[in-house]
Amino acid sequence: MADTKFTQPVMGRRTFVGGALATGALAALAGCGGGGDTEGSGTTAAPAGDNVMGFYLSEPAYIDPYNAQENQGTAIARAMFDGLMTWDWDTNSAVPVCAAEAPTVSEDGLVYTFKLKEGMKFHNGDAVDAESFVRGWKRVASPKMETPSDICYHLAPVAGYAEFNAGDTEEFTGLKAVDELTFEVTLSAPMADFPAVCCHPGLVPVPQAAVDDPKSFLEQPIGNGPFKMDEPWKHNQYINLVKFDEYHGEAPKIDGVYCSIQKDPDTAYNEFKAGTIDFAQIPTGQIKDNVDKYGKSEDGYTSTPGKQCLLGVELSTYFMIPCSQDPVLADVNVRRALSLAINRQNIVDTLYEGSRMPATSIMPTAIDDSEENVWQYCKYDPDQAKQILEDAGYTADADGKRGLEVTLNYNGDGGHEDLMSTIQLDLEAVGFTVKQDAVEWATYLDNLSKDEFSLGRLGWTADYPTMDNFLYPNFYTGADNNYEKYSNPEVDKMMEEARQIQDEEERKAACRKVCALIGEDMPVIPIMFYAHNYVASERMKNFNYDAQTIPHFETAEIA
């Protein structure tokens, strides 16, 4: 999922970590949606009872799971809906939720058969059955939704997706309700990671009400998860979640979650200090002060009293993207030199108090920490950068300039200015002539799509914690997020082959080779791996906010 984060506008988990660098995943979107006030105060309603968690949220784009495209909406969808599988961070594997057991897979690797648990119910009392999964997945892929989904690409591996998504047929041939409790999915090609795809919060069942009254469903979805909404979404104010008493799984330990929609992270942090919110983002420059005051989480993701600051590495990478139409950046030697010229450690130390990690490739170490993933040009070596440019014929003049002009393009409403200025100084030091061009978010996205940029910025957060999810969407020829228009037939072939390997370790080994080969071409220039910068209140006996930026309300406890 590309760029979903930070203050100000973001697209989905499929587009760009689009908002402010200095802020985090919960602060993604301000002012979207209809109705309600134009700015949230978070004080319109108050948490009801001592066993309710107060949670900071920015205004989501969507809370209906069919288009759960960014962190805000995904947090709500994840609390209200259960899919077939979920990711188990202890075993690093997909495990059943609505499925009664792991799916059976046909010998050719194309047909996945899921047996569902008996007796599951939606919040309105309707039964959760195989047809409800067909219904839910078709909504994600349907071009006839009033606003078609931005996350439909997750279903692209399913047979019949292209025809159904194009509107050429009413049937999605790869989805089948065999009987009440048997859901069958047929793929167009083998994909061993498909159970991980099924963990996505958008691939969930929905009741008939989602089809009968879609406008109401947008405002108050009816799910099958541990929490439900007891009233419609109060735009720019709050979303109130209460425990679902007939939940099929283990009952939550808290009675509900009051999601306080705040206009910006600093306002939310002030509410946290005032005791009205239990979880907020730490402001820029205040990480050390918060660690000194509240203590540091042992694992980086779980808050307990006295160990309340979450600083764990996220499954997210910030990177620069060279435009394929820029004649300067089309030269692989220039791209390699650009990467070597950037002092990533200085960026994370000076701008983020050392809380983030310099990127060693596109692959976050939290996904796979093998040395094989490290790109040789993803380090700081300005002398080598100069030598590469000299050898490639870009000789420096008396002023050190090499006749290489680059423009740093980015969205000016996202807090990227300091980072871009730092990169500019690094590039100028090895002989580049550098300008900056900041535009508002919508214009920036349009420019990327039209190839009207030079050296842009992107980010990618895992849709599901697999190596393939960082490689295929960003580097396969013609893939949705391949804005650099990278195309390497050998890489494509290796990715296709890796997807079909059933053995987990063998598949990872194949993906590492793919990652290494991409690193030689340097189609993008990784800058840093994101990290949490959140703090929870002492009220929270236990609260987990995982590396994929999903809050686990279902296991939260209040002291």
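In what follows, the structure referred to is the one given above.
To keep things clear, this report deals only with the structure shown in the data block.

With that settled, the discussion passes to the pairing of strand S21 (residues 540–544). In this sheet, S21 lies alongside strand S12 (residues 302–303) in antiparallel orientation, the contact comprising 2 bridges. Of the residues in S21, the one forming a bridge with Thr302 is Asn544. As paired strands, S21 and strand S22 (residues 557–558) are joined by 2 bridges and run antiparallel to one another. Bridge pairing in S22 links Met540 to Ile558.

So, about the pattern of salt bridges. Two side chains bearing opposite charge may form a pair once their charged atoms approach each other closely. Within this structure, the stated rule accounts for 19 salt bridges. For Lys253, the salt bridge is made with Glu250, and the minimal N-O distance between the two is 3.6 Å. The residue Asp292 makes a salt bridge to Lys288 at a minimum N-O spacing of 3.1 Å. Of the two residues, Asp292 and Lys288 are both situated in helix H8 (residues 287–294); the distance of 4 residues between them amounts to about one turn of the helix. Salt bridges here are not isolated pairs; linked through shared partners, they connect Asp193, Glu504 and Arg507.

Attention now goes to the packing of aromatic side chains. Summed over all chains, the structure comprises 23 aromatic pairs. Taking 5.2 Å as the distance between ring centres and 55 degrees as the angle between the ring planes, the aromatic pair formed by Tyr112 and Phe194 counts as tilted. Here Tyr112 is found in strand S5 (residues 111–115), whereas its partner Phe194 is found in helix H4 (residues 194–197), with 82 residues between them in sequence. Exposure class is identical for Tyr112 and Phe194. Each is buried. Measuring from centroid to centroid gives 4.4 Å for Tyr472 and Tyr476, while their planes differ by 15 degrees, and the two rings are stacked. Through pairs of rings, three or more aromatic residues link up here, namely Phe55, Phe279, Tyr534, Phe543, Tyr545 and Phe553.

Our next topic: the sheet that holds S21. The 3 strands are arranged S12-S21-S22 in an open sheet whose pairing can be described as antiparallel. The open sheet is flanked by S12 and S22, the only strands paired with a single partner.

Cut-off values and rules
- Per chain, residues are indexed from 1 in the order of the written sequence.
- At least 70 in pLDDT is required for a residue's local features to be given in this predicted model, at least 80 for side-chain atom pairs to be given and counted, and no such filter applies to totals for whole chains, interfaces and linings, which use all residues.
- Note: side-chain values were computed over all heavy atoms of the structure, leaving out hydrogens and water.
- Only when DSSP finds a minimum of two bridges between them are two strands counted as paired.
- Numbering goes from the N terminus for both helices and strands, where a helix is a DSSP run of H or I of at least four residues and a strand is a run of E of at least two.
- In the sections that follow, a salt bridge refers to a side-chain nitrogen of Lys or Arg positioned within 4 Å of a carboxyl oxygen of Asp or Glu.
- Between rings of Phe, Tyr and Trp, where Trp is taken as its six-membered ring, a pair exists when centres lie within 6.5 Å; planes separated by under 30 degrees are stacked, by over 60 edge-to-face, and by other angles tilted.
- We call a residue buried when its accessible area falls under 20% of the maximum for its residue type, exposed when it is over 50%, and partly exposed in between, using a 1.4 Å probe and counting protein chains only.

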